[in-house]
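Results of the structural survey
Here is what each chain is made of, one letter per residue.
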Amino acid sequence: MAREEIQSEVTGTVWKIEMKVGDAISDGDTIMILESMKMEIPVISTEDGKLVEILVKEEQPVSEGQAVAVVETA
Amino acid sequence: MGYEDLYREYEARREKALAMGGKARLDRRRNAGILNARERLDYLLDKGSFLESGLFATSARPGDRDDTPGDGKLCGYGRIGGREAVVIANDFTVKGASSAATNMKKIAQMQRTATERGLPMVFLGESSGARIPDNMGGLGMGNLLANSPTQYRRLRESPWASAVLGMCYGSSTWYTCMSDFAVMRKGAVMAVSSERLVSMAIGEKIDGESLGGWKMHADVTGLIDQFVDTDEEAIDAVKAFLSYMPGHCNEAPPLHPAPKGSDEAVRRIAGLVPESRTKVYDMRKVVQAVADKDSYFELKPRFGRTAVTALSRVGGRSVGFIANNPLFKAGAMDAQACDKIVSFMVLCDSFNIPLVFFVDNPGFVIGIEAEKQRAPGKIINFMNALQLVTVPKLTVMIRKNYGQAYINMGGGKNADDVCAWVSAEVSFMDPAFAVNVVHGREGQRLEVDDPALFKAAYEKIQQENSVWDLAACYAVQQVIKPEETRDWLQRMLQVHERRLTGGIGRHLLSNWPTSY
């Protein structure tokens, strides 16, 4: 069991949060969608486990490398 | 003494050598679910095909001769999928498979045979590094190390594949980094030296997983191409890699007839790519839909993810796909993606595997971070390598294609033939930015400050970016519907077969440094 931070790969704005705390999550799942470079850019889990924290709100600006969620790995 | 006695001695010595580092050590591995070196070789090689080289070799130090069967590194010749290969398996139960005088001679013999005779070479790695005390001091160093001017020279005469199957320090790390393909079992560690030595040297407790565990190499270094859970899966990956490769550089890759049903997925390909230019998708699915069924072998999937590099087959022929993946950063290539693509071009060019570019990106990543990562140099290294490639190159423009990335991704004469989907759009920069550069002042955003002007100018530019202008000036040779992609590729692979040299390229990239 380990806590792994999921980071935003781009600078942009949170558009839509697609999952909620407590959800089971797999590598490749979309946690939220950002608006950046005039595109809808998903934040994708790199871990299998449980989504235990969402660190941002919709419409909040985020920067590249910023932690936006935490996954507890199985 | 007749033959009977000689045979008895032979059998006794053979049995002792095959007992490796002894029952206790072998049992410990078995209980942990980890294969030993001989089991690994059995799993790798066609049944009964192993001809061992140096079964009776031992340590050169008199005091160690009785307990160093094979001197800790097993090697020889065996067949993989019916083809002859050279194999080396480190036996960690004998002195931690550390490097010493006798086993260095064994490895050198294997390397020489593979290189001069054109045989693939496989390393099953697990080693603790240089053997102590053998390598200590001026005599140890002078006698044992640095005595070959070609040990680290790679001209890629034949493909090398490595599996990292335990603690890898010293030689197994070096040979992994010199290989054309590397796979790692999760839980294994690859580093320059052990966590114990590192902890002593820097006075800080370090654990192996953070020093050189799978996530380090998957996400940060890109030194390893694939990651699996078991020894067997790692060896399967080595076999799968070799199935795409020729036996050596002067041979065409083997043909594997396309499995039935390989033409089906491409019919639904348009559904995989959203028409809206603001929506992303997973390019890996597009590549898989075009490739022969079950032939998709992606390298470095978690490193430089804005690009996809995958060995595959189309119509039975090996090809290397280089594709942008809009799922990550809209497909904008960064320094990692550039490095990954260059190393993949080197691989394909060295072994006569045609390259196929699938293009959908908004340009290269720009900004301070990108410059710190040496973006200009990376972009030009990419171009240096691309223009040295002599295998056939084919480009499929799928959607966005902007700026210098248009050139890097096989645009214009950087591919032998270029086609574009009807959805392709090409220009120097994204139309939204172009409108602001042409019509706006610094600090102004026309989207907000003058929406009417923005809309009109945007529509005009967007129209000029359509594929038809590119087709009109013959910068693309065909415009196709997405469903026609597989047919187009199969036909073009036939057209561009290198007939004059029997499918063999000039290998201008074959001396490019490994693990670049």
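Position labels on residues start from 1 in each chain and follow its written sequence. A letter from A marks each chain and a number from 1 marks each ligand, given out in the order of writing. Owing to the predicted nature of the model, reporting of local features is limited to residues with pLDDT of at least 70; listing and counting of side-chain atom pairs is limited to 80 or more, with chain, interface and lining totals taken over all residues. The side-chain numbers reported here are obtained from all heavy atoms of the structure, hydrogens and water having been left aside.

**Notes on the side chain of Asn36(B)**
Residues and elements named next belong to chain B. Helix numbering and strand numbering both begin at the N terminus, where a helix is a DSSP run of H or I of at least 4 residues and a strand a DSSP run of E of at least 2. Along the polypeptide, Asn36 turns up in the loop between helix 2 (23-31) and helix 3 (37-44). Judged by relative accessible area, Asn36 falls into the buried class, the value being 5%. Any two residues whose heavy atoms approach within 4.5 Å at even a single point are treated as in contact. Residues within four places of Asn36 in sequence aside, it is in contact with Met20, Leu26, Arg29 and Arg30. Burial classes: relative accessible area under 20% of the type maximum marks a residue as buried, over 50% as exposed, and values in between as partly exposed (1.4 Å probe, protein chains only).

**Brief notes about the pattern of salt bridges**
Note on pairing: side chains with opposite charge can pair once their charged atoms come close. Only one rule defines a salt bridge in this text: a Lys or Arg side-chain nitrogen within 4 Å of an Asp or Glu carboxyl oxygen. One pass over the structure, following the stated rule, counts 41 salt bridges over all chains. Across the salt bridge formed by Glu9(A) and Arg305(B), the nearest N and O atoms sit 2.8 Å from each other. Pair noted here: Glu9(A) is in the loop between strand 1 (2-7) and strand 2 (12-17) and Arg305(B) is in the loop between strand 9 (296-299) and strand 10 (307-314), and the two residues belong to different chains. The class of Glu9(A) is partly exposed, set by a relative accessible area of 25%. Several salt bridges converge on common partners, so that one network encompasses Arg29(B), Arg40(B), Glu126(B), Arg185(B) and Asp231(B).

**Some points on the environment of Val391(B)**
Residues and elements named next belong to chain B. Position of Val391 relative to the elements: it lies in the loop between helix 14 (375-388) and strand 13 (393-402). Through-space distance from the C-alpha of Val391 to that of Asp294 is 24 Å; in sequence the pair is 97 residues apart. Sequence-distant contacts of Val391, defined by excluding residues within four places in its chain, comprise Cys348, Asp349, Asn352, Ile353, Pro354, Leu355 and Asp416.

**Description of the domain arrangement of chain B**
One widely used convention gives an interface's size as the accessible area the parts lose upon coming together. Residues and elements named next belong to chain B. The assigned domain composition of chain B is domain 1 (3-244) and domain 2 (265-424 + 466-501). Relative placement of domain 1 and domain 2: their C-alpha centres are 36 Å apart. Listed per partner, the contact involves 21 residues of domain 1 and 19 residues of domain 2. When two parts are put together, the accessible area they lose, computed with a 1.4 Å probe and summed over both, is reported as buried area. Between domain 1 and domain 2 the total buried area reaches about 1,600 Å² when both faces are included, carbon and sulfur atoms providing 57% of it. A per-residue breakdown of the area domain 1 buries against domain 2 is headed by Arg156, Asp225 and Tyr244, which together make up 43% of the total. Scanning the region where domain 1 abuts domain 2 turns up two salt bridges. Lys300 is the partner of Asp225 in a salt bridge, and the nearest nitrogen-oxygen pair spans 2.8 Å. Any pair of N or O atoms that falls within 3.5 Å is considered a polar contact. Within protein, one atom must be able to donate a hydrogen and the other to accept it, and sequence-neighbouring residues count only if both atoms are side-chain atoms. At the boundary of domain 1 with domain 2, the tally comes to seven residue pairs in polar contact (both at pLDDT 80 or more). When residues in the side of domain 1 that touches domain 2 are grouped by element, the largest group, six residues, is from helix 9 (residues 214-221). Segmentation into domains, and thus their bounds, comes from an automatic or database assignment.

**Overview of the sheet that holds strand 8 (residues 67-73) of chain A**
Residue and element names in this part refer to chain A. Only strands that DSSP links by at least two bridges are regarded as paired with each other. One open sheet accounts for four strands, arranged 1-8-6-3; its pairing is antiparallel. Each edge of the sheet is formed by a strand with only one pairing partner; in this case those strands are strand 1 and strand 3 (24-25). Sheet topology places strand 6 (residues 49-54) next to strand 8; five bridges connect them, and they run antiparallel. Among the inter-strand pairings, Leu51 is bridged to a residue of strand 8, identified as Val71.

**Description of the interface of chain B and chain A**
Each partner contributes to the interface: chain B provides 17 residues, whereas chain A provides 14 residues. Interface area for chain B against chain A, summed over the two sides, is near 1,500 Å², with a carbon-plus-sulfur share of 54%. Among the residues chain B hides against chain A, the three largest losses belong to Thr278(B), Arg305(B) and Lys329(B). Together they make up 32% of the total. Applying the counting criterion to the chain B and chain A interface returns six salt bridges. Of the charged contacts, one joins Lys215(B) and Glu4(A) as a salt bridge, the two residues approaching to 3.7 Å between their closest N and O atoms. Across the contact surface, chain B and chain A share five residue pairs in polar contact (both at pLDDT 80 or more). In this count, Pro and Cys sit with the nonpolar residues alongside Ala, Val, Leu, Ile, Met, Phe, Trp and Tyr, while Asp, Glu, Lys and Arg are called charged and the others, Gly among them, polar. Its residues placed into classes, the side of chain B that touches chain A shows five nonpolar, one polar and eleven charged.

**Brief notes about the confidence of the model for chain B**
Scored between 0 and 100, pLDDT is the confidence that the predictor attaches to each residue. When pLDDT is averaged along chain B, the result is 95; 100% of the residues meet or exceed 70. For this predicted complex, the interface score ipTM comes out at 0.82, alongside a pTM of 0.94.

**What about helix 6 (residues 171-178) of chain B?**
Of all eight residues that make up helix 6 of chain B, seven are buried, and the element is covered over most of its length. Residues of helix 6 of chain B that are buried include every one of Ser171(B), Ser172(B), Thr173(B), Tyr175(B), Thr176(B), Cys177(B) and Met178(B), and no others.

**Let's talk about the sheet that holds strand 4 (residues 30-36) of chain A**
Residue and element names in this part refer to chain A. A sheet is described by the order of its strands in space; here four strands give the open sequence 5-4-2-7, paired in antiparallel fashion. Lying at the two open borders of the sheet, with one neighbouring strand each, are strand 5 (39-44) and strand 7 (61-62). Across six bridges, the pairing between strand 4 and strand 5 is antiparallel. Within strand 5, the position partnered with Ile33 by the bridge is Pro42.

**Description of unusual backbone geometry**
All names here are of chain B. Of note, the bond from Ile132 into Pro133 is cis; its omega dihedral lies within 30 degrees of zero at 10°. Position of Pro133 among the secondary structure elements: in the loop between strand 4 (121-127) and helix 5 (137-144). Residues other than glycine seldom take positive phi values, yet Ala146 does so here, at roughly 65°. Here Arg156, not a glycine, exhibits a phi torsion of approximately 55°, which is positive. Within the secondary structure, Arg156 is located in the loop between helix 5 and strand 5 (160-168).

**Structural notes on the packing of helix 3 of chain B against helix 10 (residues 231-244) of chain B**
All names here are of chain B. Axis geometry follows a simple rule: fit a line to the C-alpha atoms, using only the stretch in contact for helices, then measure angles between N-to-C directions, giving values from 0 to 180 degrees. Viewed as axis vectors pointing N to C, helix 3 and helix 10 meet at an angle of 40°, and their least axial separation amounts to 10 Å. Here helix 3 is positioned oblique relative to helix 10, judged by the angle of their axes. As helix 3 runs across helix 10, the sense of the crossing is right-handed. Between helix 3 and helix 10, the residues in contact are Arg40, Tyr43 and Leu44 and Asp231, Glu232, Ile235, Asp236, Val238 and Lys239, respectively. Its residues placed into classes, the contact of helix 3 with helix 10 shows four nonpolar, no polar and five charged. Relative orientations are named as follows: roughly parallel for angles under 35 degrees, roughly antiparallel for angles over 145 degrees, roughly perpendicular for angles from 65 to 115 degrees, and oblique for any other angle. The crossing is said to be left-handed when, going from far helix to near helix, the turn is anticlockwise and less than a right angle, and right-handed when the turn is clockwise.

**Quick notes on the nonpolar core**
All names here are of chain B. Within the largest apolar cluster, 60 residues are counted, with the highest numbers of intra-cluster contacts made by Leu311 and Met345. Of the domains in this structure, domain 1 (3-244) and domain 2 (265-424 + 466-501) are the two that each give at least three residues to this core. Those residues within four positions of Met345 in sequence are excluded, and the remaining contacts are Ile322, Leu355, Phe382, Ala385, Leu386, Val389 and Leu509. Met283, Ala289, Ile398 and Trp488 belong to the second-largest nonpolar core, a separate cluster that totals 28 residues. Here, nonpolar core means buried Ala, Val, Leu, Ile, Met, Phe, Trp, Tyr and Cys residues that are tied together by side-chain atoms lying within 4.5 Å of each other.

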